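# Examining the three-dimensional arrangement
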Amino acid sequence: MANVVPQMVTAQWLLGGESIYWTGDGWSENFAAGAVYVEKEAADAALEQVQSFVRDRVVVGPYLIEVELDGALPQPTSARERIRAAHNATFAIDHGSWTSRVADQGS
Amino acid sequence: MTVLRNGVPQPNEWVRVADDAPLPETDKVIVSLERWQAERVNLRQRNAAIGVALKSEQSPLLIQDDLDRLSLVALEFPKFTDGRAFSHARVLRDRLGFTGEIRGFGQVLRDQYLFMLRCGFDTVEPAAGKRVEGYAEALKEFSVFYQPTNDDRATALQLRHRKEAVAA
Amino acid sequence: MYRYDQFDATFVRERTAQFKGQVARRLAGELTEEEFRPLRLKNGLYLQLHAYMLRVAIPYGELSSKQMRKLAFIARRYDKGYGHFTTRQNIQYNWPRLDDVPAILEHLAEVEMHAIQTSGNCIRNVTSDHFAGVAADEIEDPRVWAEVIRQWSTLHPEFSYLPRKFKIAIIAADKDRAAMRTHDIGLKIVRNAKGELGFAFYTGGGQGRTPIIGPLVKSFVAAEDLLSYLDATLRVYNMHGRRDNIYKARIKILVQALGAEEFGRQVEEEWLRIKDSVLKLPAEEVARIRQYFAPPALEKLPARNEGFEAKKAADPDFARWVQANTDDHKVDGYRIVTISLKPVGGAPGDASADQMDLLADLADAYSLGQIRVTHRQNLVLPYVRQQDLFDLWAKLGSAKLAEANVELVTDIIACPGLDYCNLANARSIPVAQRISRRFSDPKRLAEIGELRLNISGCINACGHHHVGHIGILGVDKKGEEFYQVTLGGSSAEDISLGKILGPAFSLDQITDAIETVVDTYLDLREGPQERFIDTYRRLGIEPFKEKVYDSLKERRSAAE
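Notes on the structure in this doc start here. Only a predicted model underlies this, so the values are computations on that prediction, with no experimental measurement involved.

## Structural notes on the overall build of chain A
Of the regular secondary structure elements, chain A holds three helices and five strands. In chain A, the succession of helices and strands from N to C terminus is β-β-β-α-α-β-β-α. Buried residues in chain A amount to 39% of all 107 residues. Sequence separation of 24 or more characterises 55% of the internal contacts of chain A that already satisfy a separation of 6 or more. Accessible area for chain A stands at about 5,700 Å²; split by element, carbon and sulfur atoms hold 51% of it.

Encoded structure:
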């Protein structure tokens, strides 16, 4: 097989904007749960399949990303996708003793 | 098909005629700029009302010598993010003194409708697939305006100083 | 500062309701994402890497303590407890949910705030000199005119769907503290030979992938003609600016293509037709706005305060902070305080909700409840008595807000970069953190002196890298982050664009490279009075280039 590039489908929740990964039958915020498509045709078909979630206003902006399969778990190949998959900035958010509080959930 | 005037749906009295189609004798017709330029001498002598449709890259200055003969100028929004027609409407009204109908067509969303009226549009053809009632709702969204244009809506500045004059 | 009257208040409530309706239509399926995107951007709402991002407008950077407390409240309630002050004098929140944004806007409207035109292809929030009203060198208070422009530009019916974004900055002193000539329109308030007030128009400046220093297009526009000349400029741009290529759509490209002279002629032609129209600015409206910016009645104080002088003499840390972070005030006995949001190892421009609340309290106690945001991502307390400076400094210190580094090498401008931004190619904040740790010794910092270091995570140049004395640009090489260095830029009155030093550096090399640049400057300067930028201008890029790449080679061979 020539030029096999393993891929995943990623998107963002419409309401919260979090990055999500297509598992084959649903969405997960956990990168490792994403379905890996080794063949281009399968990846394209998955991207086509998830368009219904766009139409139903569940997700926005689905696209394909390249992944590496060298280790135990799949990994994103680009710095951008590694940061997205971590769901946070790469540095500790530190305001000293003036800590950032997690949002108060009360109304 | 209907058009909107001040948010109210009305029957469309105008017929858009393709460049290669024959012109109906009596209908009010809208032709492209290209056809207007090609058949200008004949079209100017036509008895029934005539209008010209401009694409967003076509300046109204191209028809400035014909505005006396035109009853309508239609300005296209090929995408709703292409805002040239707002300036073209103002040029038609403020600079060229056009008093006929200015019509918007293409991808015109309700979110732009009030801006269009403020710039001098009279009628719009609502975008395909959009709720027609939404356009009338959009006209009620604002009661305060900062920019003086040549519509009859008073600006915040005028109201402020009118108020002060009354108070004084 | 300006306060809303009934018309302004009604307007913002109506805009808030309109956006709430737009969100509802998106969620109900009446708007596609393609249609919604420009609408949400016009209200400052982006979809970024991890979440939505909401940019809240702080017109010309002026905030009251009450508004600052509301910003803290929003950070806690709807975000992760912090916010990021930007180079456009705004604040942005990194983590709001789409369905929370209407409620956030309602909270903001309660304190005369909003997110109108903080993004999108429209006239953006107008910026100005953060020392406006208190700077000794200004000939007029630019805030008066910034407010006139704010109102004129807000939901402009003709100019809300421009080819591209449009940024206006206004200053009123020879010293440029607002990067005026990097804007689509830079305005400088001037007086003509008759002593009348007017505006010099520098039109067609900008950063991004094609940095251009705005050329002078008209040297004097009378005050009453400000809006008609703005209208004429925007009309020429709206009709003729390119819409076929997003990278060529800014007004700077049009001005370059036509030449400043021909562009000015086209504007003039349009302007002469409209200058005596309804756009003529009535003197009574200017007078009404001016009242809000009248100088406050300040206590009469001696120019020299002995207690303050004694504290400075006794405490070198305090003295260093006074030296770096305070400026002369136009009123005797007062100083302008700049609060650095660049602690060593921190994220430039970030403030936690607790810090925001403390800053609001300190503004009430020491600065008439007023705060400014600077385009270098710091905050300003504009009215501090000399005798209060020591207490203020101590309280700031307890909240990690007393870093004495304003205009020094660790006072870094940095965009959010790839840690947050969808457009970025590389991270900016971690680079800023590494560099600020490297130069954390206060004595060394003071010895290096004025040095502006700016970092952008991509070619859009939100971190102003082209006009940093040292600029760093993040680039992507096959999915990995690299950093290109430029030297010799300036955004001040001596404006210039930086020149590329050479091949880009990896994240692990960039801090060493910057340190070599700084050490080379220290070796070559003619004395401590010669700033980095002056040494660079005297000697050019070559000596820096040689040292940096030689030392890179040495490190490489040492590693092997």
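## Observations concerning the interface of chain A and chain C
The partner chain C presents 43 residues to the 36 residues of chain A that form the contact. Carbon and sulfur atoms make up 54% of the area that chain A and chain C hide from each other, which totals about 3,200 Å². Inspection of the chain A/chain C interface yields one salt bridge. A salt bridge links E480(C) to R82(A), with the shortest nitrogen-to-oxygen separation between them at 3.4 Å. If you look at where chain A meets chain C, you find eleven residue pairs in polar contact (both at pLDDT 80 or more). Of all the secondary structure elements, the ones that give two or more residues to the side of chain A that touches chain C are β1 (7–13) and α3 (79–86) of chain A. At five residues, α3(A) tops the list of elements feeding residues into the side of chain A that touches chain C. By residue class, the composition of the side of chain A that touches chain C is twelve nonpolar, 16 polar and eight charged.

## Remarks on the sheet that holds β1(A)
All names here are of chain A. Strands sit in the order β3-β2-β1-β4-β5 across an open sheet of five strands; the sheet is antiparallel. Each end of this open sheet is capped by a strand with a single partner; those strands are β3 (27–28) and β5 (75–76). Here two bridges tie strand β2 (residues 19–22) to β3, and the two strands are oriented antiparallel to one another. Considered in β3, the bridge of Y21 is made with S28.

## Description of the interface of chain C and chain B
Of the residues lining the interface, 45 residues belong to chain C; the matching set on chain B comes to 37 residues. Carbon and sulfur atoms supply 58% of the area buried between chain C and chain B, which totals about 3,800 Å² over both sides. For chain C, the biggest contributors to the area lost against chain B are F7(C), P157(C) and Y161(C); these three give 21% of the whole. Taken together, the links from chain C to chain B amount to eleven salt bridges. Notably, a salt bridge pairs R160(B) with E285(C), separated by 3.1 Å at the nearest N-O pair. Taken together, the links from chain C to chain B amount to 23 residue pairs in polar contact (both at pLDDT 80 or more). At ten residues, helix α1 (residues 6–28) of chain C tops the list of elements feeding residues into the side of chain C that touches chain B.

## Points about a nonpolar patch on the surface
A surface patch of nonpolar side chains, about 210 Å² in accessible area, is lined by V4(A), V38(A) and L69(A). Its place among the elements puts V38(A) in the loop between β3 and α1 (40–49).

## Section: the packing of helix α7 (residues 251–258) of chain C against helix α8 (residues 260–274) of chain C
Two numbers describe a pair of packed helices, the interaxial angle and the distance between the axes. Residue and element names in this part refer to chain C. It is the contact of α7 with α8, at a shortest axis distance of 6 Å, that shows an interaxial angle of 105 degrees. Taken together, the axes of α7 and α8 are roughly perpendicular relative to one another. Here I251, L254, V255 and L258 of α7 lie close against α8, whose contacting residues are A260, E262, F263 and Q266. Split by residue class, the contact of α7 with α8 holds six nonpolar, one polar and one charged.

## Details of the pairing of strand β17 (residues 453–456) of chain C
Taken residue by residue, a regular strand's side chains alternate between the two faces of the sheet. Residue and element names in this part refer to chain C. Residues L453 and I455 line one face of β17 and the alternating positions N454 and S456 line the opposite face, and both faces are buried. Pairing analysis gives two bridges linking strand β16 (residues 413–414) to β17, with the strands arranged parallel. Looking at β17, one finds that I413 is bridged to N454. Note: β17 against strand β18 (residues 470–477), four bridges, orientation parallel. Counted as the bridge partner of N454 is G471 from β18.

## Brief notes about the packing of aromatic side chains
Evaluation of the coordinates by the stated rule reveals 30 aromatic pairs over all chains. Their ring planes at 70 degrees and their centres at 6.4 Å tell us that F91(A) and Y420(C) sit as a pair that is edge-to-face. Of this pair, F91(A) sits in the segment after α3 while Y420(C) sits in the loop between β16 and α14 (429–438), which puts the two residues in different chains. We note that F91(A), like Y420(C), is buried. Ring geometry for F77(B) and F121(B): centres 5.9 Å apart, planes at 45 degrees, overall tilted. Highlighted residues: F77(B) in strand β6 (residues 72–77) and F121(B) in the loop between α4 (110–119) and β8 (123–124), separated in sequence by 44 residues. Owing to a relative accessible area of 0%, F77(B) belongs among the buried residues under this scheme. Within the aromatic cluster, the residues linked to one another by ring pairs are F77(B), F80(B), F86(B), F115(B), F121(B) and Y161(C). We note K275(C) situated over the ring of W271(C); from NZ or CZ to the ring centre the distance is 5.4 Å.

## What to know about the nonpolar core
Core analysis: the largest hydrophobic core is formed by 153 residues, its most contacted members being M68(C), L71(C), F85(C), W145(C), I168(C), L226(C) and W321(C). By size, the runner-up hydrophobic cluster in this structure holds 36 residues, among which are A432(C), F439(C), I455(C) and I541(C).

Rules behind the numbers
Residues numbered from 1 in each chain as written. Chains lettered and ligands numbered in written order. Predicted model: local features only at pLDDT ≥ 70, side-chain atom pairs only at ≥ 80, totals over all residues. Heavy atoms only, no water. Helix = DSSP H or I, 4+ residues; strand = E, 2+ residues; numbered from the N terminus. Buried < 20%, exposed > 50% of the residue type's maximum accessible area, 1.4 Å probe, protein only. Contact = heavy atoms within 4.5 Å. Areas by Shrake-Rupley, 256 points an atom, 1.4 Å probe, with all protein chains shown as cover. Buried area = accessible area lost by both parts, 1.4 Å probe. Salt bridge = Lys/Arg side-chain N within 4 Å of Asp/Glu carboxyl O. Polar contact = N/O pair within 3.5 Å; in protein donor to acceptor, adjacent residues only side chain to side chain. Nonpolar A, V, L, I, M, F, W, Y, C, P; charged D, E, K, R; others polar. Pairing = 2+ DSSP bridges. Patch = residues over 30% accessible without salt bridge, like charges linked within 9 Å, V, L, I, M, F, W, Y side chains within 5 Å. Axes fitted to C-alpha atoms, helices over the stretch in contact; angles between N-to-C directions. Parallel < 35°, antiparallel > 145°, perpendicular 65-115°, else oblique. Phe/Tyr/Trp six-rings, centres within 6.5 Å; stacked < 30°, edge-to-face > 60°. Lys NZ or Arg CZ within 6 Å of the ring centre and 35° of its normal. Core = buried A, V, L, I, M, F, W, Y, C linked by side-chain atoms within 4.5 Å.

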